[in-house]
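Fold and geometry: a report
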Amino acid sequence: MDSATRRAWSWHKQGLDGSLAGSDAATVLSLAGWARSVGGANPYLTLFARAGIRREQADADVAALRIHELPTARGCTYVLGEDDFPWALSLGRGAAEATVKVLDKLGVERGEVAALEAQTLEILRDANGPLDPKQLKEQLGEAVRSLGDAGKKKGVATTLPTVLGLLQADGRIRRVPVNGRLDQQRYAYTAWDLSPVHESGEDARAMLMEKYLGWTGGATLKQTQWFTAFTVAQTKAALEAVDAVEHEGLWMLPRDVQAAEDFTLPPEEQIQLLAGSDSLFLLRRNAVEHFAGDDGDRALLNTKVALQADLPDHPIVDRGRIIGLWQYDPGGQRIAHWLFEPPSAPVSQRIAEVEEFIREDLGDFRSFSLDSPASRQKRIDALNAAAGQR
């Protein structure tokens, strides 16, 4: 494959070519990849770009537990479909257990942690609704231990967050967004009886590997390890378990090898506005490969756009090629954008469609929980200036 076709192949595997149009949210997340959350709006745009799903439907799917935000690979939170809940949740157990080791170094024995787990679960099972951490702490009283300055230095002010993480990693409780929306990080907790995981650790790693290679259409060993956080031995075992083959420098599923060989670059434009944390880029952290020609040498705020591991602005993309950058300006209720070349009619149309989606459904487009109009104003101004210069 040449670089343009390889970009378009990844685009196709991500369902950004219209192949997932009309699919439900769980299907999109299963076939294109779990959506990174971190309190930003990426999950909403992930679903809108691939299947035209509006926020109201996405929120209804969250409320009905058809999709949910859970800690999984690398202990990071993603929004995923219900069929993946149990085994995907098991992948985040190690990150939850790691905080127990921190408590142990601070003098908190595992027996104390287990007792607090039992008390927390009992309170949540008896509660009339979800309880936020403050409400839980009030009811648990002295069972929650303050860890003082030593704990704060290690990021664990009390024993409660560790216990909540352990209970969530086991599927005994779940987080509920306080206003039902995915683009914020204020949660309450409720009891949950998720079916126990029957797969072994090896099976779960193989399942993730099969998903990951399917989502990406192929990845290097290094990219695979970054996303999964598997050791070298675990990575090689998982690749062997799914019969992965190395093709043109990428590890691929056997069914994708011939499909990739037969794939051709679509002749017509396929325009999408995506979040910087969209799966197209995040799964392999390879945004630089999605710039063509000299586009990666373009600079914004004195920094080349292709030199940063994670995009500082959101991309405008055509068949996998980044053709511009954007941010949402809530003050002007518009998308501030910088296109590398004059816009075609499909580009202008898609910008208008996404602008309407954000304005009507979301109100703003935050990259992460602490993002705000004020914090991104400098970048909005830079995009406007770059667009004016072009």
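Presented here is a report on the structure given in the accompanying data block. Residue indices follow the written sequence of each chain, beginning from 1 at its first position. Per-residue local features are limited, in this predicted model, to residues with pLDDT of at least 70; the limit for side-chain atom pairs, both in listing and counting, is 80 or more; totals at the level of whole chains, interfaces and linings are taken over all residues. The side-chain figures draw on all heavy atoms in the structure; neither hydrogens nor water molecules are used.

Remark: a regular strand shows side chains that alternate across the two faces of the sheet. Strands pair, by our definition, only if DSSP identifies at least two bridges between them. Helix numbering and strand numbering both begin at the N terminus, where a helix is a DSSP run of H or I of at least 4 residues and a strand a DSSP run of E of at least 2. Two elements, strand E12 (residues 321–329) and strand E13 (residues 334–339), share six bridges in a ladder whose sense is antiparallel. In the strand pairing of E13, Tyr328 is matched with Ile335. Counting the residues that bridge the hairpin from E12 to E13 gives four residues, and of these Gln333 lies at a positive phi of roughly 50 degrees.

As for its placement among the helices and strands, Asp313 is situated in the loop between strand E10 (303–304) and strand E11 (314–318). Burial status follows relative accessibility: with a 1.4 Å probe on protein chains alone, a residue under 20% of its type maximum counts as buried, one over 50% as exposed, and anything between as partly exposed. Exposure remark for Asp313: the relative accessible area of 1% places this residue in the buried category. Throughout this description, a polar contact denotes any pair of N or O atoms lying within 3.5 Å of each other; where both atoms belong to protein, one of them has to be capable of donating a hydrogen while the other can accept it, and for residues adjacent in sequence the pair is counted only when both atoms sit in side chains. In this structure the side chain of Asp313 is engaged in a polar contact, spanning 2.8 Å, whose partner is the side chain of Gln327. We call two residues contacting when some pair of their heavy atoms lies within 4.5 Å. Setting aside chain neighbours within four positions, we find Asp313 in contact with Gly276, Leu300, Leu325, Trp326, Gln327, Arg379 and Leu383.

Before going further, it helps to examine the nonpolar core. In this structure, Leu47, Ile316, Trp326, Ile335, Ile358 and Phe365 are the most contacted members of the largest nonpolar core, which totals 34 residues. Sorting the residues of this core by element identifies helix H2 (25–32), helix H3 (42–51), helix H4 (55–63), strand E8 (271–273), E12, E13 and helix H16 (345–362) as the ones contributing at least two each. If one sorts the elements of this core by residue count, H16 sits on top with six residues. Residues grouped as a nonpolar core are buried Ala, Val, Leu, Ile, Met, Phe, Trp, Tyr and Cys residues, joined through side-chain atoms within 4.5 Å. In terms of nonpolar packing, the next biggest core, distinct from the first, is built from 30 residues, Leu70, Cys76, Leu239 and Leu253 among them.

Okay, the sheet that holds strand E3 (residues 77–81) next. The strand order across the open sheet formed by three strands is E1-E3-E2, and the pairing between neighbours is antiparallel. The open sheet has two free edges, formed respectively by strand E1 (35–36) and strand E2 (67–71), since each of these has just one partner strand. With five bridges connecting them, E2 and E3 associate as antiparallel partners. By the bridge assignment for E3, Ile67 is matched with Gly81.

Non-glycine residue Glu248 carries a positive phi angle of around 55 degrees. Of note, Arg319 is a non-glycine position whose phi angle comes to about 50 degrees, a positive value. Within the secondary structure layout, Arg319 lies in the loop between E11 and E12. Overall, the relative accessible area of 16% leaves Arg319 in the buried class.

As a further point, take the packing of aromatic side chains. When two rings of Phe, Tyr or Trp (its six-membered ring) have centres within 6.5 Å they constitute a pair, described as stacked for plane angles under 30 degrees, edge-to-face for angles over 60, and tilted for the intermediate range. Considering all chains together, one arrives at twelve aromatic pairs under this definition. When the centroid spacing of 5.1 Å and the interplanar angle of 65 degrees are considered together, the rings of Trp34 and Trp215 count as edge-to-face. Taken together, the residues Trp34 in the loop between H2 and E1 and Trp215 in helix H11 (residues 201–216) connect sequence positions 181 residues apart. Of the two residues, Trp34 and Trp215, both sit in the buried class. Between the aromatic rings of Trp338 and Phe340, the centroid separation amounts to 5.2 Å while the plane-to-plane angle is 80 degrees, which identifies the pairing as edge-to-face. Both residues of the pair, Trp338 and Phe340, count as buried.

Moving on, we get to the pattern of salt bridges. A side-chain nitrogen of Lys or Arg and a carboxyl oxygen of Asp or Glu constitute a salt bridge if their distance falls within 4 Å. Across all of its chains, the model carries 31 salt bridges by this definition. The closest approach of N and O atoms between Glu353 and Arg350, which form a salt bridge, is 2.9 Å. Here the residue Glu353 and the residue Arg350 both occupy positions in helix H16, the gap between them amounting to three residues, near one helical turn. By relative accessible area, which is 13% here, Arg350 ends up buried. Through salt bridges with shared partners, one network takes in Arg93, Glu97, Arg110, Glu117, Asp170 and Arg172.

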